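The residues making up each chain are set out below.
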Amino acid sequence: KQEVTQIPAALSVPEGENLVLNCSFTDSAIYNLQWFRQDPGKGLTSLLLIQSSQREQTSGRLNASLDKSSGRSTLYIAASQPGDSATYLCAVNGFQKLVFGTGTRLLVSP
Amino acid sequence: GAVVSQHPSWVICKSGTSVKIECRSLDFQATTMFWYRQFPKQSLMLMATSNEGSKATYEQGVEKDKFLINHASLTLSTLTVTSAHPEDSSFYICSARVSSASDIQYFGAGTRLSVL
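Predicted model, so just to flag it, every value in this text is computed and none were measured.

A. Just the overall build of chain A, in detail. When you go through chain A residue by residue, the secondary structure sums to zero helices and eleven strands. Ordered by position from N to C terminus, the α and β elements of chain A give β-β-β-β-β-β-β-β-β-β-β. For chain A, the C-alpha atoms occupy an extent of roughly 40 × 25 × 20 Å along the three principal directions. Relative to its 110 residues, chain A shows a buried fraction of 45%. Taking the intrachain contacts of chain A between residues at least 6 apart in sequence as the baseline, contacts between residues at least 24 apart amount to 53%.

B. The environment of T111 of chain B, seen in detail. Residues and elements named next belong to chain B. Looking at the secondary structure, you find T111 in strand β11 (residues 111-115). Look at T111 and you get buried, because its relative accessible area is 0%. In sequence terms T111 and S18 are 93 residues apart; their C-alpha atoms lie 14 Å from each other. Residue contacts for T111: discarding those within four places in its chain leaves Q6, H7, P8, S9, V11, I21, S90, F91 and Y92. Only 2.5 Å separates the side chain of T111 from the backbone oxygen of P8, close enough to count as a polar contact.

C. Main features of the pairing of strand β7 (residues 67-73) of chain B. Residues and elements named next belong to chain B. One ladder, built from five bridges, connects β7 with strand β8 (residues 76-81); its direction is antiparallel. Bridged to L68 within β8 is T80. Counted along the chain from β7 to the antiparallel partner β8, the turn is two residues long.

D. Representation of the sheet that holds strand β3 (residues 19-25) of chain B. Residues and elements named next belong to chain B. With antiparallel pairing, the four strands of this open sheet are ordered in space as β1-β3-β8-β7. Single-partner strands in this sheet number two, and they are β1 (4-7) and β7. Adjacent strand axes in the sheet meet at a mean angle of 15 degrees when their direction is disregarded. Bridging between β1 and β3 involves four bridges; their strand directions are antiparallel. Within β3, the residue paired with H7 across the bridge is E22.

E. Region of the structure containing the sheet that holds strand β3 (residues 19-25) of chain A. Residues and elements named next belong to chain A. The strand order β1-β3-β8-β7-β6 describes an open sheet built from five strands, whose pairing is antiparallel. In this open sheet, the two strands that pair with only one neighbour each are β1 (4-7) and β6 (56-59). For this sheet the average axis-to-axis angle between neighbouring strands, irrespective of direction, equals 15 degrees. In the sheet, β1 pairs with β3 via four bridges, with the strands oriented antiparallel. Looking at β3, one finds that I7 is bridged to N22.

F. Summary view of the interface of chain A and chain B. Across the contact, 19 residues belong to chain A and 19 residues belong to chain B. Both faces combined, the contact of chain A with chain B buries some 1,500 Å², and carbon together with sulfur accounts for 50% of it. In this assembly, chain A and chain B are joined by one salt bridge. In this structure, K97 of chain A engages E59 of chain B in a salt bridge whose closest nitrogen and oxygen atoms are separated by 2.8 Å. One can count four residue pairs in polar contact (both at pLDDT 80 or more) joining chain A with chain B. Looking at the side of chain A that touches chain B, the elements with two or more residues in it are β4 (32-38), β5 (44-51), β9 (86-94) and β10 (97-100) of chain A. Looking at the side of chain A that touches chain B residue by residue, the class counts come to seven nonpolar, nine polar and three charged.

Calculation criteria
- Residues numbered from 1 in each chain as written.
- Chains lettered and ligands numbered in written order.
- Predicted model: local features only at pLDDT ≥ 70, side-chain atom pairs only at ≥ 80, totals over all residues.
- Heavy atoms only, no water.
- Helix = DSSP H or I, 4+ residues; strand = E, 2+ residues; numbered from the N terminus.
- Buried < 20%, exposed > 50% of the residue type's maximum accessible area, 1.4 Å probe, protein only.
- Contact = heavy atoms within 4.5 Å.
- Polar contact = N/O pair within 3.5 Å; in protein donor to acceptor, adjacent residues only side chain to side chain.
- Pairing = 2+ DSSP bridges.
- Axes fitted to C-alpha atoms, helices over the stretch in contact; angles between N-to-C directions.
- Buried area = accessible area lost by both parts, 1.4 Å probe.
- Salt bridge = Lys/Arg side-chain N within 4 Å of Asp/Glu carboxyl O.
- Nonpolar A, V, L, I, M, F, W, Y, C, P; charged D, E, K, R; others polar.

Below, the structure written as structure tokens:
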């Protein structure tokens with residue numbers, strides 16, 4: 001059974017810092033991995049999707065990497081802003097089902 | 001494009017009543033829709049997968065008679081929480097996928113259910 005873990009569970013940083021969120025999964029037989037953002041009481045916004053054959057994806061200040069063999073992914077956020085404050089979820093796609101991680105709650109203070 | 005609308009966004013009901021939540025794909029046809037449940041400060045847990053015109057596939061531990069799912073058309077799936085109790089209070093989120101060839105799921109904004 002696939003298990004997805006995210007570290008840290010919560011992170012508080014001052015504005016402008018670069019930061020890294022970690023995601024690990026137990027079964028490397030995946031099709032892709034996706035990073036989402038969730039604001040309090042809201043649905044999910046897809047940030048980046050990395051196919052199993054890819055090593056990384058970039059969108060603006062966000063960069064996600066994938067090391068399938070070791071079961072790890074990282075989300076790098078450059079020059080963080082207060083508007084980045086949210087919960088970040090990684091989700092692993094295996095056999096057409098998404099298994100979500102426990103999330104990292106990020107607070108960026110001005 | 002690829003917008004999924006979920007309604008209502010928030011519902012409060014009395015214990016013992018049934019509540020229906022709708023999930024619509026607005027600008028595409030969804031062969032498959034998914035229903036997730038999220039407890040406070042926890043991650044999303046898949047409840048069931050529904051394919052248009054067939055019975056939903058429920059995850060282990062999810063009561064199919066409790067959580068009725070109907071996917072009667074390519075743009076609409078409904079989740080009915082029958083005889084709701086306070087322990088059913090949660091955040092329910094749906095997602096839709098265009099086809100089995102696509103890995104992309106588009107998510108609704110979620111429905112917060114509070115059972116008194």
